[in-house]
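# Reading the structure
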Amino acid sequence: MASPDSSPSTAESPTARASENSGPALAAHAVNAMAEKKAHDITVIDLREVSSMADFFVIGSGDSDLQVRAIARGVTEHIEEQCGEQPWKTEGTDHLRWVVLDYVDVVVHVFLPSRREHYRIERLWGEAESETISAEGDASEIDFLQELRRSPDDEE
């Protein structure tokens, strides 16, 4: 897979997540942060059955480089405030056409529409389950995230 425009990365090597935050919880927070910044076509891809690269991709688009920056910052700030986590690695912040925020289990992609159409990540991972939220929606619309976030006690 192609990578976003080169920019300095924020970490040297991957490490195991030592966090209490589950992948589904981080993905839900990323979706909600993107929605707050008016990203569009927000999609979550469940990669757990098709790849060991990450558990989830969260993908959204912004209409300008300024909006791409605002969405990426919004996700980073929201997850840091709500979960106490920062991305393990960040790419694409110099050119703001495709920004990647790598939280190990969850990888957030923020695209300009032309870049999203060019790389077509959803098609590349077409065999994986995916869901897209409505224009004014939030993470509660992603059924598989809600099922995964429920604790065993909720089922009793």
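Below is a summary of the structure that appears in this document. (Residues numbered from 1 in each chain as written. Predicted model: local features only at pLDDT ≥ 70, side-chain atom pairs only at ≥ 80, totals over all residues. Heavy atoms only, no water.)

### Overview of helix α1 (residues 23-36)
For α1, with 14 residues, the first-to-last C-alpha span of 20 Å sits near the 20 Å given by 1.5 Å per residue. Taken across its 14 residues, α1 has 12 buried, putting it largely inside the fold. The set of residues buried in α1 consists of Gly23, Pro24, Ala25, Leu26, Ala27, Ala28, His29, Ala30, Val31, Ala33, Met34 and Ala35. Lysine 38, located one to two residues past α1, shows a positive phi value of around 65 degrees. (Helix = DSSP H or I, 4+ residues; strand = E, 2+ residues; numbered from the N terminus. Expected span 1.5 Å × (residues − 1). Buried < 20%, exposed > 50% of the residue type's maximum accessible area, 1.4 Å probe, protein only.)

### Some remarks on the packing of aromatic side chains
Here the structure, examined in full by the defined rule, presents 4 aromatic pairs. On the numbers, 4.7 Å between centres and 40 degrees between planes, the contact of tryptophan 98 with tyrosine 119 is tilted. One end of the pair, tryptophan 98, is in strand β4 (residues 98-102); the other, tyrosine 119, is in helix α3 (residues 113-119), with 21 residues separating them in the sequence. (Phe/Tyr/Trp six-rings, centres within 6.5 Å; stacked < 30°, edge-to-face > 60°.)

### With respect to the pattern of salt bridges
Applying the stated criterion to the full structure yields 3 salt bridges. Salt-bridge contacts for arginine 48 lead to aspartate 46; the nearest nitrogen and oxygen are separated by 2.5 Å. Accessibility expressed as a relative area gives 37% for arginine 48, which makes it partly exposed. Using a relative accessible area of 7% as the deciding quantity, one classes aspartate 46 as buried. Of the charged contacts in the structure, one is a salt bridge between glutamate 91 and lysine 89, with a shortest N-O distance of 3.7 Å. (Salt bridge = Lys/Arg side-chain N within 4 Å of Asp/Glu carboxyl O.)

### Description of the layout of surface pockets
Estimates place the volume of the second largest pocket at around 190 Å³. Lining the second largest pocket are 14 residues, with Ala39, Ser134, Ala135, Glu136 and Gly137 sitting closest to its centre. Of all elements in the fold, only α1 and β1 (40-46) reach the threshold of two or more residues within the lining of the second largest pocket. Of the residues in the lining of the second largest pocket, the class split is 5 nonpolar, 5 polar and 4 charged. (1 Å grid on protein atoms, 1.4 Å probe; cavity = no way out; pocket = protein on both sides within 12 Å on 5 of 7 lines; lining within 4 Å. Points joined across faces, edges and corners; volume = space filled by probe spheres on them. Nonpolar A, V, L, I, M, F, W, Y, C, P; charged D, E, K, R; others polar.)

### Concerning the environment of tryptophan 125
Its location among the elements puts tryptophan 125 in the loop between α4 (121-124) and β6 (129-132). Its relative accessible area of 11% is what places tryptophan 125 among the buried residues. Separated by 80 residues in the primary sequence, tryptophan 125 and isoleucine 45 have C-alpha atoms spaced 7.8 Å apart.

### A short note on the side chain of glutamine 67
With respect to the helices and strands, glutamine 67 occurs in helix α2 (residues 65-83). Of the polar contacts made by the side chain of glutamine 67, one reaches the backbone oxygen of lysine 38; its length is 2.9 Å. Beyond its immediate chain neighbours, meaning those up to four positions away, glutamine 67 contacts Lys37, Lys38, Ala39 and Gly62. (Polar contact = N/O pair within 3.5 Å; in protein donor to acceptor, adjacent residues only side chain to side chain. Contact = heavy atoms within 4.5 Å.)

### Some details on the packing of α1 against α2
Each pair of packed helices can be summarised by the angle the axes make with each other and by the distance between the axes. Viewed as axis vectors pointing N to C, α1 and α2 meet at an angle of 135 degrees, and their least axial separation amounts to 8 Å. On the basis of the axis angle, α1 is oblique to α2. At the point where α1 passes α2, the crossing takes the right-handed sense. Contact with α1, carried on its side by Leu26, His29, Ala30, Ala33, Met34 and Glu36, involves Ile71, Gly74, Val75, His78, Ile79, Gln82 and Cys83 of α2 and no other residues of that element. Broken down by class, the residue content of the contact of α1 with α2 amounts to 8 nonpolar, 4 polar and 1 charged. (Axes fitted to C-alpha atoms, helices over the stretch in contact; angles between N-to-C directions. Parallel < 35°, antiparallel > 145°, perpendicular 65-115°, else oblique. Left-handed = near helix turned anticlockwise from the far one by under 90°.)

### Let's talk about α2
With 19 residues, α2 ought to run about 27 Å at 1.5 Å a step, and its terminal C-alpha atoms sit 26 Å apart, in line with that. What α2 keeps buried is the set Gln67, Val68, Ile71, Ala72, Gly74, Val75, His78, Ile79 and Cys83. Along the axis of α2, the buried positions cluster into a sector of 155 degrees, meaning they face one direction only. Summarising the geometry of α2, the exposed residues directed more than 90 degrees from the buried face are Leu66, Arg73 and Glu81. Each element contacted by the buried residues of α2 is listed here: α1, β2 (56-61), β4 and β5 (106-111). In the stretch just after α2, glycine 84 is the one whose phi turns positive, near 70 degrees. (Arc of directions from axis to C-beta.)

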